[in-house]
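Fold and geometry: a report
Okay, here's what each chain looks like letter by letter:
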Amino acid sequence: MWRTGRVLRLRLTATGEASLCSSKPANPSLSPSPQSNSSPRSQADKQRRRRQREDAILSNAHSTAEEEAVGWSEKQTMVYAAQTPPGTKKDARSPFPSSYCPQYVESSWYQWWEKEGFFRPEQHEELSHRVDQTFALCLPPPNVTGTLHLGHALTVAVEDALVRWRRMQGYRVLWVPGCDHAGIATQTVVERRLLRDRGKRRQDFTRKQFLREVWKWKEETGEEIYHQLRRLGASLDWSRACFTMDPAFSRAVTEAFVRLSDSGLIYRSEALVNWSCALGSAISDIEVDSKELSGRTMLSVPGYDEEVEFGSLLTFAYPLEGHDGEVAVSTTRPETMLGDVAIAVHPDDPRYQCVHGKQCRHPFTNRALPIITDAMVDMELGTGAVKVTPAHDHTDFLLSQRHSLPRVTVIGGDGTMTPPCGKWLEGVKRFDARQLIVDALVEKGLFRGKKTHPMTLPVCSRSGDIIEPLLKKQWFVRCDEMAEKAIQAVEDKQLEIIPHYHTKTWNNWLSNISDWCISRQLWWGHQIPAYQVVFPNATDKQEELWVWGQTEDDARHRAAVKYGVKPEDVTLTQDPDVLDTWFSSGLFPFAMLGWPEQTNDLQRFYPSSILETGSDLLFFWVARMVMLGTELTGQLPFKQVLLHSMVRDKHGRKMSKSLGNVIDPLDVIHGVSLERLQQKVKEGNLDPRERLVAMGAQSKDFPKGIPQCGTDALRFALCSHKMQGEDISLSISEVLSCRHFCNKMWQTLRFTLGVLGDNTTPVGTLEETSAVSSLDRWICSRLYSTVVECERALEAYELHAVTSALYSFWVHSLCDVYVEHMKPALVLPDTQVAPSILYHCVSTSLALLSPFMPFITEELWQRLPRAAAHSALCLQPYPRSAQLAHWHFPVEEKDFLLVQEVIRVARSLRAQCAMTKEKPAMWAVCSASQAQVLHRFGSAVWTLSRISNLHIYSPGAEPLPRVHSTPPPVGSLVGVVDHTCQLHLYIQC
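Small disclaimer: the values here were computed from a predicted structure and weren't measured.

**What to know about the sheet that holds strand β22 (residues 516–517)**
The strand order across the open sheet built from 4 strands is β8-β7-β20-β22, with neighbouring strands paired in antiparallel fashion. Sheet topology places β8 (281–282) and β22 at the edges, where each strand pairs with a single neighbour. Where strand β7 (residues 266–276) and β8 come together, 2 bridges link them in antiparallel fashion. Paired with Ser276 across the bridge in β8 is Ser281.

**Some points on the side chain of His392**
Considering the arrangement of structural elements, one finds His392 in the loop between β17 (385–388) and α9 (394–403). Looking at His392, its side chain comes within polar contact range of the main-chain oxygen of Pro469, at 3.4 Å. Residue contacts for His392: discarding those within four places in its chain leaves Leu272, Arg333, Thr336, Val408, Thr409, Val410, Ile411, Glu468, Pro469 and Leu470.

**Quick word on the nonpolar core**
Counting residues in hydrophobic clusters, the biggest one holds 165 residues, and the most contacted among them are Trp113, Leu846 and Phe852. With 13 residues, the top contributor of residues to this core is helix α24 (residues 799–825). In this structure, Leu846 is in contact with Met745, Leu749, Trp810, Thr857, Leu860, Trp861, Leu864 and Leu873, ignoring residues within four places of it in sequence. If you look at the next biggest cluster of nonpolar residues, it comprises 63 residues, including Ile513, Phe583, Val626 and Leu632.

**Some details on the pairing of strand β13 (residues 326–331)**
Extensive coverage of β13 is indicated by the burial of 5 of its 6 residues. One ladder, built from 6 bridges, connects strand β12 (residues 312–319) with β13; its direction is antiparallel. In the sheet register, Ala317 faces β13, and the bridge partner there is Ala328. Hairpin geometry of β12 and β13 is characterised by an intervening segment of 6 residues between the two adjacent antiparallel strands and by a positive phi of about 75 degrees at Gly322.

**Structural notes on empty space enclosed by the protein**
Applying the stated rule across the entire model yields 3 cavities of 30 Å³ or more. Taken as a whole, the second largest cavity spans an internal volume of roughly 40 Å³. Every residue along the wall of the second largest cavity is listed here: Phe118, Arg120, Pro121, Gln123, His124, Arg167, Tyr171, Arg172 and Val173. Among the residues making up the lining of the second largest cavity, the classes are represented as 4 nonpolar, 2 polar and 3 charged.

**Some details on the packing of helix α27 (residues 890–912) against helix α28 (residues 928–936)**
Interhelical geometry of α27 versus α28 gives an angle of 90 degrees and a closest axis separation of 10 Å. Viewed along their axes, α27 and α28 adopt a mutual orientation that is roughly perpendicular. In this structure, α27 uses Val891, Asp895, Leu898, Val899 and Val902 to contact α28, whose residues at the interface are Gln930, Val933, Leu934 and Arg936. Here the contact of α27 with α28 is composed, by residue class, of 6 nonpolar, 1 polar and 2 charged.

**Observations concerning the sheet that holds strand β18 (residues 447–452)**
Ordered in space as β13-β12-β18, the 3 strands form an open sheet in which the pairing is antiparallel. The sheet terminates laterally at β13 and β18, the two strands that pair on one side only. In this sheet, neighbouring strand axes are inclined to one another by 20 degrees on average, regardless of whether the strands run parallel or antiparallel.

**Describing the pattern of salt bridges**
By the definition in use, this model includes 48 salt bridges. Here Arg240 ties to Glu122 by a salt bridge, and the two come within 2.9 Å at their closest N and O atoms. Here Glu122 lies in the loop between α3 (109–115) and β3 (134–138) and Arg240 lies in the loop between α7 (223–231) and β6 (242–243), a separation of 118 residues in the sequence. Looking at Glu122, the relative accessible area reads 39%, which means it is partly exposed. Residue Glu859 is joined to Arg863 by a salt bridge in which the shortest nitrogen-to-oxygen separation is 3.3 Å. In this pair, Glu859 and Arg863 both sit in helix α26 (residues 854–863), 4 residues apart, roughly one turn of the helix. Arg863 shares its class with Glu859; the two are buried. Salt bridges sharing partners connect three or more residues here, namely Arg120, Glu122, Asp237, Arg240 and Asp601.

**A word on the packing of helix α22 (residues 732–756) against helix α25 (residues 833–849)**
Axis separation between α22 and α25 bottoms out at 10 Å; the angle between their running directions is 150 degrees. Handedness of the crossing formed by α22 with α25: left-handed. Facing Phe741, Met745, Thr748, Leu749, Phe751, Thr752, Val755 and Leu756 of α22, the residues of α25 in contact are Pro835, Leu838, Tyr839, Val842, Leu846 and Leu849. A class-by-class count of the residues in the contact of α22 with α25 yields 12 nonpolar, 2 polar and no charged.

**Examining unusual backbone geometry**
Backbone phi values are negative for most residues with the exception of glycine, while trans is the configuration of most peptide bonds. Here the residue pair Trp595 and Pro596 is connected by a cis peptide bond, since its omega of 10 degrees sits within 30 degrees of zero. With respect to the helices, strands and loops of the structure, Pro596 is situated in the loop between α15 (588–591) and α16 (600–605). The omega angle of the peptide bond from Tyr606 to Pro607 is 0 degrees, so this bond is cis rather than trans. With respect to the helices and strands, Pro607 occurs in the loop between α16 and β28 (608–614). One non-glycine residue with positive phi stands out, namely Ser404, at about 55 degrees. By the element assignment, Ser404 lies in the loop between α9 and α10 (430–443).

**Regarding the confidence of the model for the chain**
Of the residues in the chain, 88% reach a pLDDT of 70 or more, and the chain-wide mean stands at 87. In the predicted structure, residues 1–40 sits below a pLDDT of 50 and forms 67 contacts with residues beyond four places in sequence or in another chain. Under a pLDDT of 50 for its full length, residues 63–82 has, in the predicted model, 31 contacts with residues more than four places off or in other chains.

Scoring rules and cut-offs
Residues numbered from 1 in each chain as written. Predicted model: local features only at pLDDT ≥ 70, side-chain atom pairs only at ≥ 80, totals over all residues. Heavy atoms only, no water. Pairing = 2+ DSSP bridges. Helix = DSSP H or I, 4+ residues; strand = E, 2+ residues; numbered from the N terminus. Polar contact = N/O pair within 3.5 Å; in protein donor to acceptor, adjacent residues only side chain to side chain. Contact = heavy atoms within 4.5 Å. Core = buried A, V, L, I, M, F, W, Y, C linked by side-chain atoms within 4.5 Å. Buried < 20%, exposed > 50% of the residue type's maximum accessible area, 1.4 Å probe, protein only. 1 Å grid on protein atoms, 1.4 Å probe; cavity = no way out; pocket = protein on both sides within 12 Å on 5 of 7 lines; lining within 4 Å. Points joined across faces, edges and corners; volume = space filled by probe spheres on them. Nonpolar A, V, L, I, M, F, W, Y, C, P; charged D, E, K, R; others polar. Axes fitted to C-alpha atoms, helices over the stretch in contact; angles between N-to-C directions. Parallel < 35°, antiparallel > 145°, perpendicular 65-115°, else oblique. Salt bridge = Lys/Arg side-chain N within 4 Å of Asp/Glu carboxyl O. Left-handed = near helix turned anticlockwise from the far one by under 90°. pLDDT = per-residue confidence, 0-100.

Listed below in structure tokens is the structure:
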């Protein structure tokens, strides 16, 4: 009989996606009344549901992944005997395990690749498909101080995908690894270690002794980052790895300083710098964090037992000299008022017209303070009158230049008040002096009040100290002319920045660039190759005289020539400061290739093809590389700049140790317990309060730790995000989903090998294999279209589009349709073509996926027939659409969209009838053209819909098997597949 039921409407969208809805709700009580307003699900509700799904995935993952990890450890050693000697090829003839385990799959392959030299450009000569093109780039050198985080993992995943793709295309590829000496960070780490382990400070050592300790620490820990990079599968040329403190690299740094100084682009001057009192050094802009305060806030500051107040605006008065009245000024930093040298007002401010040209008297120093007018003054801020402290404020420094004002330093490099403040404040710490000054102003009757005030507080990212602008004599790089060249290079299309919307920011920043302070008051780093010159009988008041040179002898010769004296009469003292780490990093693209020597590598691989890095380094590193490379080599260091977004946690927060959301990629790869995560926090340098916050966040996000996901899953998950846009919010559940995809690939290959048998089933070559059935033609064409999309997206650096296309083909086309259809078909005769098609679909897909998932693709490809004894998938030709042109069947691809929707609705109808285990008959009432499609793909509809028979009713259609002239009974359960064409499905039950 035919069962009656409600009508199901399936609307087919333009993209081929369908939405299934009912004309009658399953539960009438849930039907909204005509007056009710159906509002869309709230954002909070969506996020809550998303968290629930992620928690479910994580919970399930721990119960399965942990069991697999334990079982697999035994399988590796006892059953499959995976005792591959380091550097030798894995035996692909060993029994094929029944389930996927990343620990098993990712063992041994990398050591073999590296030993065979597959990652070196010299391997290019061995490729039969080589082309005369070069692809070169450097890995942004991570700091030697620590371990990699997920931001580094994204960089590796993206760059390695591009590198492996080009290598498989036959390019001569060079990808250079390196490590940055990280001056401030490394010195800080070693100082803390010496204090903790031996109770000694840096000052207890000579400079030479301390540097010996740093090198010792580097030798002990420096290889950790390289180990992580290998575990991430990075196909780097390790024979060319360089460290920015290596002798050859150090010579390049010295050469760059000397050349730039000779050309007048490096000069010495007194100017305001970002000073960290805790470090006792100037720091770069990138090492300054801006902390936004909404108002009065108490903060911990290094060196202070009590919290310090910030975010308050204090007002006090300066009495007019020789007149009645006063001028009130406001400040958030009253400790600097001892350095005030003037008061500035806006020339158009009516409140101060009568005091122009007059002066006030400083209540503590008795210094005369002229009242000056300048349009820079904001009349709306505070009282409209501004205290001018040139030695401690960047805006005030500019005012002092315009009005020839003196500059009085009242805070020293150690953060204490200086002698010009008077005996009552000399040696007092700056924030302790703040309250003493306020109390003194109150006592003198000059304090006018305090109120809460929003402000931006500059904080040293290395020490947590509050940045103090200080006036220092330092070495600077003159940037304006080099910046103009960098802007012009982009405008002239010589340098491309991707995504292109960064170009506007590039132009704006470089158009307003200031000179770059490159002096750092450290011991670890490249000591500045500049020498102060002193002659016999020189007085203390002699003007500073400086020379520079490759060596001290070179500098002595230069001094003798410059000042017309004998070399033996010259006394030289080298500047004790070191160069900013970003200066040496800015030389990396050419110094890594042997510059200033004209090496073969420099001539062959410079300029690099591309520079890929995080968008946050566009100015601090990329712009400086462009400026220095153009100036020192006469060429741009690279042709393209590819910027990826920042990786955030699943809540969208920036990853920070204090938040407890910084994730080590190896913890995702191998898995880690909550106890070990929290132990890492305890071993870090967080203060007790931050440590509690971090551990609390870990307990909430990873109550059972992080399950083992594997390298391939992590890389695929990272590349699946659109990197050229918004920041990337990555959750562990996404990585686990990619691990499930790895298992799907594993099971697909097990099925494929079962179909092929013991190499008895003949497999034709790709060129020989021709599709016969409509479904064969469809899967072949789907593979062709997937290759076309991969070609397009890779050329555009849209890796997320590549991973989406490959996932869709493997899961939704190959597995859900073709493999499922093959299972019953294998018992039928005439299946000679299908195994060959399946083989080529799998082998081609593995090659397409290889740049993203190098380990599992190598493991699976090596088990396929025809994998050469000594070849590697990573050196095979990358699939090209031209090779698959004979597999392009656009009609079948288009027609199968209808078939897929028929199958989907048929399954829904079976579910509505509670017939999930039965195989009912099905009728399709459709047009003549639709009948043709369903006839051609009848076996697929029959098999995949899990029905016993398919009857097609189409008035006027030509006689075909399964096409009938008798319509099905009215009132049966019906699903409308195409509402426009009225294709109805009926299920008999």
